[in-house]
Amino acid sequence: MPTSKQRNSSLRAAMPRPVERALHRLGQDISIARRVRRLSQEDLAQRIGTSLSTVRRMEDGYPGTALHTFLRALHVLGRLEDMVRVMATENDTLGMELVREQLPQRVRTSGGSKARVNRPAAAKKSAADDADELEGF
């Protein structure tokens, strides 16, 4: 069974550098936000329902810290909505571009001919009534 030191080194070795830097930066930012709010690490640990050592590891950017721990800390610090806003689908420019690339150039009706809508004579309306019906679209 691997020791905790071996697990730590294997986690860090397998992690891409940009991810490692982002974790470290997020931990630093949480630490700064906590201190600006005059909260001790113990206060934050109590408010997010975790141990002091977990808060220390989170602020150090330890990769084994659970995502929900980061999110609970952001919630306590009043920054959770910022994270949600950053990850919103409409802010995903690459994802939206990929979706646009997959859109068909044209859409055809099934059977290759135009579909006709037949209305009974009693249900026919004037052109003005149709315009009112579609208003707001």
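Quick caveat, the model's predicted, so the values are computed rather than measured.

Rules used in this analysis
- Residues numbered from 1 in each chain as written.
- Predicted model: local features only at pLDDT ≥ 70, side-chain atom pairs only at ≥ 80, totals over all residues.
- Heavy atoms only, no water.
- Buried < 20%, exposed > 50% of the residue type's maximum accessible area, 1.4 Å probe, protein only.
- Salt bridge = Lys/Arg side-chain N within 4 Å of Asp/Glu carboxyl O.
- Helix = DSSP H or I, 4+ residues; strand = E, 2+ residues; numbered from the N terminus.
- Core = buried A, V, L, I, M, F, W, Y, C linked by side-chain atoms within 4.5 Å.
- Contact = heavy atoms within 4.5 Å.
- Axes fitted to C-alpha atoms, helices over the stretch in contact; angles between N-to-C directions.
- Parallel < 35°, antiparallel > 145°, perpendicular 65-115°, else oblique.
- Left-handed = near helix turned anticlockwise from the far one by under 90°.
- Nonpolar A, V, L, I, M, F, W, Y, C, P; charged D, E, K, R; others polar.
- Polar contact = N/O pair within 3.5 Å; in protein donor to acceptor, adjacent residues only side chain to side chain.

A. Representation of unusual backbone geometry. Phi angles above zero are rare outside glycine, and Arg38 is one such case at about 60 degrees. On the accessibility criterion, Arg38 (75% relative accessible area) is exposed.

B. Representation of the pattern of salt bridges. Under the counting rule described, the total for this entry stands at six salt bridges. Between Arg34 and Glu59 there is a salt bridge, and its shortest N-O distance comes to 2.6 Å. Note that Arg34 is positioned in helix H2 (residues 17-36) and Glu59 in helix H4 (residues 52-60), a separation of 25 residues in sequence. Here Glu59 falls in the buried class, since its relative accessible area comes to 8%. Linking Asp82 and Arg85 is a salt bridge whose minimum nitrogen-to-oxygen distance equals 2.5 Å. With Asp82 and Arg85 both in helix H6 (residues 80-86) and three residues apart, this pair spans about one turn of that helix.

C. View of the nonpolar core. By size, the foremost hydrophobic cluster in this structure holds 15 residues, and its most contacted members are Ile30, Leu44, Ile48, Val55 and Met58. Here this core takes four residues from helix H5 (residues 67-76), the largest share from any one element. In this structure, Ile48 is in contact with Val55, Thr69, Arg72, Ala73 and Val76, ignoring residues within four places of it in sequence.

D. Quick peek at the packing of H2 against H5. The geometry of H2 relative to H5 is characterised by a closest axis approach of 11 Å and an angle of 30 degrees between their N-to-C directions. On the basis of the axis angle, H2 is roughly parallel to H5. Read as a crossing pair, H2 and H5 show a hand that is left-handed. Each of Leu23, Leu26 and Ile30 in H2 lies in contact with H5, whose residues at this interface are Phe70, Ala73 and Leu74. Tallied by class, residues from the contact of H2 with H5 come to six nonpolar, no polar and no charged.

E. Structural detail: the environment of Gly64. As for its placement among the helices and strands, Gly64 is situated in the loop between H4 and H5. For Gly64, a relative accessible area of 43% puts it in the partly exposed group. Taking the C-alpha atoms as reference points, Gly64 and Thr54, separated by 10 residues in sequence, lie 9.7 Å from one another.

F. A look at the side chain of Glu59. Within polar-contact distance, the side chain of Glu59 engages the side chain of Arg34 at 2.6 Å. A polar contact is formed between the side chain of Glu59 and the side chain of Gln41, at a distance of 2.8 Å. Excluding its chain neighbours within four sequence positions, the residues that come into contact with Glu59 are Gly27, Gln28, Ile30, Ser31, Arg34, Gln41 and Leu44.

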